[in-house]
Amino acid sequence: MGASGTQRVNTTERLSKLRELMKREGVDVWVVPSEDQHYSEYLAHCDERRAFISGFNGSAGCAVVTVDKAFLFTDGRYFLQAEKQLDDNWTLMKQGLPDVPTWQDFLHKNLDGSLKIGIDPTIIVADDAAALRKNLEPKKSELVLLRNNLVDEVWGTDRPPKPHNPVFHLDEKYSGQSFSDKIKKLREILDKENAKAVVVNMLDEVAWVFNLRGSDIDYNPVFFAYSVITKDSTVLFIESKQLEEGARKYLGDAVEIRPYEQIFDYLKSLPEALGLDGSKDGPKVLVPNKASLAIVESISPSPPSATSSSSPPPIYHKIVPSPVADLKAIKNATELEGFRQSHIRDGAALARYFAWLEEALNEGKEVNEWQGAEVLENYRKELDLFKGLSFTTISSTGPNGAIIHYSPDPKDCAIIQKEEIYLCDSGAQFLDGTTDTTRTWHFGTPKPEEIRAFTRVLQGHISIDTAIFPTGTTGFVIDAFARRALWQDGLDYRHGTGHGVGHFLNVHEGPQGIGVRIVLNNTALKPGMTVSNEPGYYEDGQYGIRIENVVLVKEAETPNNFGQKGYLGFEHVTLCPIQTKLVDVSLLTEQERKWLNEYHKETWEKVSPLLKNDTRALEWLKRELELVHCVINRELACTAIPGVFSFSIALWTILRKGRLWWWLGYYNAQYLSLLVFNPRVIREPAMYTRLVFVTQQNGSMRHYIWAVFCDTVDHSQESLPVGAPSEEDMGAQGTQSVNTTERLAKLRDLMKREGVDVWVVPSEDQHYSEYLAQCDKRRAFISGFSGSAGCAVVTIDKAYLFTDGRYFLQAEKELDDNWTLMKLGLPDVPTWQNFLHKNLEGSLKIGIDPTIIVADDAAALRKNLEPKKSELVLLRNNLVDEVWGTDRPPKPHNPVFYLDEKYSGQPFSEKITKVKEILDKENAKALVVNMLDEVAWLFNLRGSDVNYNPVFFAYSVITKDTSVLFIESKRLEEAARKYLGDAVEIRPYEEIFDYLKGLPEALGLGGSKDGPKILVPNKASLAIVESISPSPSFGSSSSSPTPVYHKIVPSPVANLKAIKNATELEGFRQCHIRDGAALARYFAWLEEALNEGKEVDEWQGAEALENYRKELDLFKGSSFATISSTGPNGAIIHYKPDPNDCAIIKKEQVYLCDSGAQFLDGTTDVTRTWHFGTPKPEEIRAFTRVLQGHISIDTAIFPTGTTGFVIDSFARRALWQDGLDYRHGTGHGVGHFLNIHEGPQGIGIRIVYHDTPLKPGMTVSNEPGYYEDGQYGIRIESIVLVKEAATPNNFGQKGYLGFEHVTVCPIQTKLVDVSLLTQQEKRWLNEYHQETWEKVSPLLTNDTRALKWLKRECDPI
């Protein structure tokens, strides 16, 4: 939390002087970043250049000054503050809002002309400068580096001097580790990185390495210094007079002291001193990725722009994430204990302050924000080991609280009002730790909307505090936990949820954090890290709310350990009451109420002993820590009658059975009475039957009955062993191993003939299809592995199969001994691309068919192969096809039919018009459409060339004037041919590559860098790209650039197709209702067959289900091979039964059925998990956790612009609590009477899902699961439509989204441990079953068995 006043400064004269200097230096633009030359967030006054020139003094932002305008870029934390502080000379650029660029993008996209852009190289990060230079090149703009900072010249003699305050030694009883140990660790990193030195440039990192502290920057105990550590020397660049005697003695002879200003001269000579040769693979100097361009230029100077040398300049440095930052972030045991103790003391000061403030306001005294902050600081000054504040206190009342980084100006601040919300964010520096605490108070009567917003913030805070997550999880992944409750009300906040906290160092520490910035996905949270937990909400002009604690990352105890990687959680160390007056208890779950009560109990136990001499504070603390109580659902609440009933049974049991039975009688009677006398039970006699069953399962009526009324059961100690692996699209597979010896021998003979050392066999065909025609299943043929994802790599003596966690079990069963299974996603297992250039020795010729490798992947592979002098050899005669020979199935040429617009909802001509609009926008003259489902969607045509997918082999090219469809014309049915008419030119399928070769000339393309292009989707093959823009022939001596006629982009058709129109959406709803009837008939039949002792195997089950579907209107076939799996087979995520070798469905095993259908009006994909006997406790618990994840996605509300990557963690949270997880995505897109798997939308942990926001009209699956190797699989899958959500608020005016489920099929309540569910989850399940009954039952009037089954399975819990 930073510092900020709100007074406006007149910058007219300052800007005028700056522009005169810009003219003198010949620059058109001057950039003023926030940072100093150490990339500090908080600055010494002499380095506050951006604040001086603009008047805005928030801690983040950048000023850009042109010859006639001035722009200030900052983020949502500072919008209100900047609006108050900037004068009329400035335009505020609100970063993060739509159409507002970053300052870097602004320079090369928004400013016209070829410009000279000036900047001080000591205050811009080297990587940022490199990216900026690259982006400026096309406009022939350039970066001009000026060490004489122009703002410093404008500032002149008024600029404060650079501080040189004393530097002292931090005793190891506080630091917990000697500086020599830290340097030893850094030298180990040098060895690992093939480096000879590391530069340490950030001030807190220098301070941490040497166990030194200073005071050159307010609130941060740091000092101006650099360090360079080599394998045999340690140099500290600091003014030696700053070092106190104790510090000088502590460092001794182990550290060489040099003047601070010598750093750049030292770096210039360092490569020669270390004997570096500057070669590409030679040893380097490690430079942190936040080091300035001046540092990098000192080590590896850029060659003069006019140089004519053809040899590459020597590179002596390597930019890396700071090794010191990573070491510093993980606190040792001494530091962690220091955090705990310093926060207890700090909690006492906070209690004293808030008690004093409340009393003062109640007595009518006038206290302003500044005075409040001063009083709090004075209380802290009385504490042991106190060294100062950790930032300027944010003491803010009413509207000022909405300014996120506000701090009061002593000359101009508000009076704290009793009837306004008061937000206080403050912290302290202690020798044993750093604190940062925010509490929000209301000393009068809060308004309902304030209470509701506060409660939502509190729920977010609790959600982070109680989170459990797998090792390797980042703060980016769990950030949404803090926002979910706010999103439900259409609220949010424009700052991160948590920042790292230093140990008696900077209150903001990296690289760890919790937030929405993608950079936070680079650093996994690890035990020993410290972060803040501070969700908030800010109502402009009215109030601000934030609740902030510091938490330590720790190892979590979970009953299971999926993946054997361990689970983590948080330990809060901040101890200060959370005002319960501001809490709407009815919004809290019982778990949240329990957390709040336990937190307050802990606060009392730890803080109250320090308040013995302050009666006022002690009484205040006791009152504020009073318990909050359960609010029982009014429908279910019964009090007087149950009490009498309980006492009667208790009296009877004590007379008959003695004291022990009295206890049992009383407690079971108490809970039974709640059930017996509850009106809901009287209305629903089936509840009695359910009671008997649950009592049998859990051994206690109490365990079930009380959970129906109020979530008060403590499950934290219920440890049930469960265990291991892994999804998503649900494909097809057998489990028989194939002998591949002969096939591999033939392939290696052909490899020798072609002169290649390696042959790569991807899964895909030349259209990048996931599901393949039989003739394109090359990887399955050569390896025997039939899963839908993977890649085979064959060398002259070995064979490797790379696949992900969905297929580990299947691959282990299907691969023979010739193959090594490479389990992608596990530690130290490379991708097949990395394997080729990192794991294989020597300079190799790597062969591949260019029609089945994506162009971008081939380019990346070529680049990575270069250093080893390996090369990619392109062979159109696919070697696997030659091995396959005449046994290879022929390419299908099935009929293609027209999909009526009453199902598609839009004529193909309108779709092509939209594509042509995109061409205009992208400065393009044509688009290649290569993916089969995109061709089918675009022309409203369907086929059957690929099993389960109503597609056909075709390409299309759309220009501004023509639409060409490459397909064998005889395949088009008469109606299809008539529908297309003269608007579409039909050409033979095989002509596509020749056509593309002639297309640039036909379109008059020049091939220049900025000229019009042909758009090629980023999933198009290398063969397509090479046909349009051929690579120069090997050995070409031409110096002119090769013409480029194409531009690779995300497929425009995919993005259009993903958003369904109203007709398609209604089709989804209707086909799922019909499908629900078929599923009900199947499960009712199967249950009856098993109860009658009939033998039904998995294949027969799948066949029976398909037969029920065949009776449905508009049915066209299955949408994928049904996964009908019992017991252990259910743990094989993409299992499919083999009719000749499959299991009998067992009544006492978990049965997982994942199936779907193609209808003219939509596509279905449904997974349900059943147990037809008596499930085991661990199966019930795992199923319940999966159900909770499913409900969490179904009920999610999120802001427009949110991606499936962001909300994926909602589905996993409940599983993570038990140490469980799954190795597949949570949801894939679904086509409309098209491929069951559709992109680009999806919900999952792959970062690719962060590229595409979820939008209204998109369709995705919701399918969390859990798989216990060798025992069972559990998955619950429904299809959901993305829709606009109605929320009471609309933060940011961007709208909120949610889901509408269309799948209607019961979820087996026998497998649900109701005591684990919240009231909201129970309500959802009952409402879902009510909806299912209402929609599906009318279709079952002729099937009494199915109707009875449906009624029973839809009974409310």
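As a reminder, the structure under discussion sits directly above these lines.
Computed from a predicted structure; not experimentally measured.

Draft legend 1. Broad picture of the overall build of the protein chain. Looking only at helices and strands, one finds 43 helices and 56 strands in the protein chain. Against the 2.2 N^0.38 benchmark of 34 Å for 1357 residues, the protein chain shows a C-alpha radius of gyration of 34 Å, consistent with a compact globule. Referenced to the eigenvectors of the C-alpha coordinate spread, the extents of the protein chain come out at roughly 105 × 85 × 55 Å. A burial count over the protein chain gives 60% of its 1357 residues as buried. Summed over all atoms, the accessible surface of the protein chain reaches about 52900 Å², with 50% contributed by carbon and sulfur. Considering the protein chain, the positive charge centre built from 150 side chains and the negative charge centre built from 185 side chains are found 1 Å apart.

Draft legend 2. Spotlight on unusual backbone geometry. Along the chain, Gly510 connects to Pro511 via a cis peptide bond; the corresponding omega equals 5 degrees. The linkage connecting Gly1239 with the following residue, Pro1240, adopts the cis geometry, with an omega of 5 degrees. Unlike most non-glycine residues, Tyr948 shows phi in positive territory, near 75 degrees. One non-glycine residue, Leu1114, adopts positive backbone phi at about 65 degrees. Mapping Leu1114 onto the fold places it in the loop between helix H39 (1098-1110) and strand E43 (1115-1118). Owing to a relative accessible area of 27%, Leu1114 belongs among the partly exposed residues under this scheme.

Draft legend 3. The sheet that holds strand E30 (residues 791-795), seen in detail. In spatial order, the strands read E32-E31-E30-E29-E33-E34; together these six strands make up an open sheet with mixed pairing. In the strand order of this sheet, the two ends are held by strand E32 (819-823) and strand E34 (871-874), each with one partner. Adjacent strand axes in the sheet meet at a mean angle of 25 degrees when their direction is disregarded. Inspection of the sheet shows strand E29 (residues 758-762) paired to strand E33 (residues 845-848) by two bridges, in the parallel sense. Bridged to Trp759 within E33 is Gly847. Sheet contacts for helix H28 (residues 832-839): E29, E30, strand E31 (799-803), E32 and E33; angle to E30, the most-contacted strand, approximately 25 degrees. Along the sheet, helix H29 (residues 855-865) contacts E33 and E34; its crossing angle with E34, the most-contacted strand, is approximately 140 degrees.

Draft legend 4. Representation of the packing of aromatic side chains in the model. Applying the stated criterion across every chain, the model contains 48 aromatic pairs. A centroid spacing of 5.3 Å and a plane angle of 55 degrees characterise the contact between Trp1170 and Trp1349, whose relative ring orientation is tilted. Placement of Trp1170 in strand E48 (residues 1166-1171) and of Trp1349 in helix H43 (residues 1344-1353) is noted, with a sequence separation of 179 residues between them. There is no split in this pair, since Trp1170 and Trp1349 are both buried. Joined through ring pairs, the aromatic side chains of Tyr353, Phe354, Trp356, Trp441 and Trp620 make up one cluster.

Draft legend 5. View of the nonpolar core. Counting residues in each nonpolar core, the largest one holds 139 residues, and the members touching the most others are Tyr353, Phe354, Leu357, Ile478, Phe570, Ile1207 and Phe1299. With 12 residues, helix H14 (residues 333-362) is the largest single contributor of residues to this core. With near-sequence residues (within four places) excluded, Ile478 lies in contact with Ile464, Phe469, Thr473, Ile514, Leu525, Phe570 and Trp1216. Core analysis: the next-biggest nonpolar cluster, separate from the first, contains 86 residues, Val957, Tyr995, Leu1234 and Leu1281 among them.

Draft legend 6. Quick look at the sheet that holds strand E20 (residues 437-442). Spatial ordering of the open sheet is given by E16-E17-E20, a layout of three strands whose pairing is antiparallel. The two strands at the open ends of the sheet, each matched to only one other strand, are strand E16 (394-397) and E20. Strand-to-strand, the axes of this sheet are offset by a mean angle of 10 degrees, without reference to chain direction. In this sheet, E20 lies alongside strand E17 (residues 421-426) in antiparallel orientation, the contact comprising six bridges. Each residue of the ladder has a partner; that of Ile421, found in E20, is His442.

Draft legend 7. Representation of the pattern of salt bridges in the model. Under the defined criterion, the tally for this structure stands at 73 salt bridges. Taking the shortest distance from any N to any O, the salt bridge between Arg483 and Asp492 comes out at 2.9 Å. An identical accessibility class is assigned to Arg483 and Asp492; each is buried. Taking the shortest distance from any N to any O, the salt bridge between Glu1092 and Lys1094 comes out at 3.2 Å.

Draft legend 8. Just the packing of H14 against helix H15 (residues 369-381), in detail. As a packed pair, H14 and H15 sit with axes 9 Å apart at the nearest point and diverge in direction by 140 degrees. Judged on the interaxial angle alone, H15 and H14 are oblique. Seen along the crossing, H14 lies across H15 with a hand that is right-handed. Counting all contacts with H14, which are made through Asp346, Ala349, Leu350, Arg352, Tyr353 and Trp356, the residues of H15 involved are Gly372, Ala373, Val375, Leu376, Tyr379 and Arg380.

Draft legend 9. Examining helix H9 (residues 203-210) more closely. Here H9 lies mainly inside the structure; eight of its eight residues are buried. For H9, the complete set of buried residues consists of Leu203, Asp204, Glu205, Val206, Ala207, Trp208, Val209 and Phe210. Looking one or two residues past H9, Asn211 carries a phi angle of roughly 55 degrees, positive in sign.

Draft legend 10. Quick peek at a positive patch on the surface. Where like charges cluster on the molecular surface, the positive patch consists of Lys134, Lys140, Lys280, Lys863 and Lys1009. By the secondary structure assignment, Lys1009 is in the loop between helix H35 (992-1003) and strand E41 (1013-1017). Given the relative accessible area of 67%, Lys1009 is considered exposed.

Draft legend 11. Fine view of the environment of Ala860. Turning to its location among the elements, Ala860 is positioned in helix H29. Residue classification places Ala860 among the partly exposed residues on the basis of a relative accessible area of 39%. For Ala860 and Val951, which are 91 residues apart along the polypeptide, the C-alpha to C-alpha distance reads 30 Å.

Cut-offs applied
Residues numbered from 1 in each chain as written. Predicted model: local features only at pLDDT ≥ 70, side-chain atom pairs only at ≥ 80, totals over all residues. Heavy atoms only, no water. Helix = DSSP H or I, 4+ residues; strand = E, 2+ residues; numbered from the N terminus. Rg over C-alpha atoms; globule rule 2.2 N^0.38 Å. Buried < 20%, exposed > 50% of the residue type's maximum accessible area, 1.4 Å probe, protein only. Areas by Shrake-Rupley, 256 points an atom, 1.4 Å probe, with all protein chains shown as cover. Lys, Arg positive; Asp, Glu negative; His and termini not counted. Charge placed at Lys NZ, Arg CZ, Asp CG, Glu CD. Pairing = 2+ DSSP bridges. Axes fitted to C-alpha atoms, helices over the stretch in contact; angles between N-to-C directions. Contact = heavy atoms within 4.5 Å. Phe/Tyr/Trp six-rings, centres within 6.5 Å; stacked < 30°, edge-to-face > 60°. Core = buried A, V, L, I, M, F, W, Y, C linked by side-chain atoms within 4.5 Å. Salt bridge = Lys/Arg side-chain N within 4 Å of Asp/Glu carboxyl O. Parallel < 35°, antiparallel > 145°, perpendicular 65-115°, else oblique. Left-handed = near helix turned anticlockwise from the far one by under 90°. Patch = residues over 30% accessible without salt bridge, like charges linked within 9 Å, V, L, I, M, F, W, Y side chains within 5 Å.

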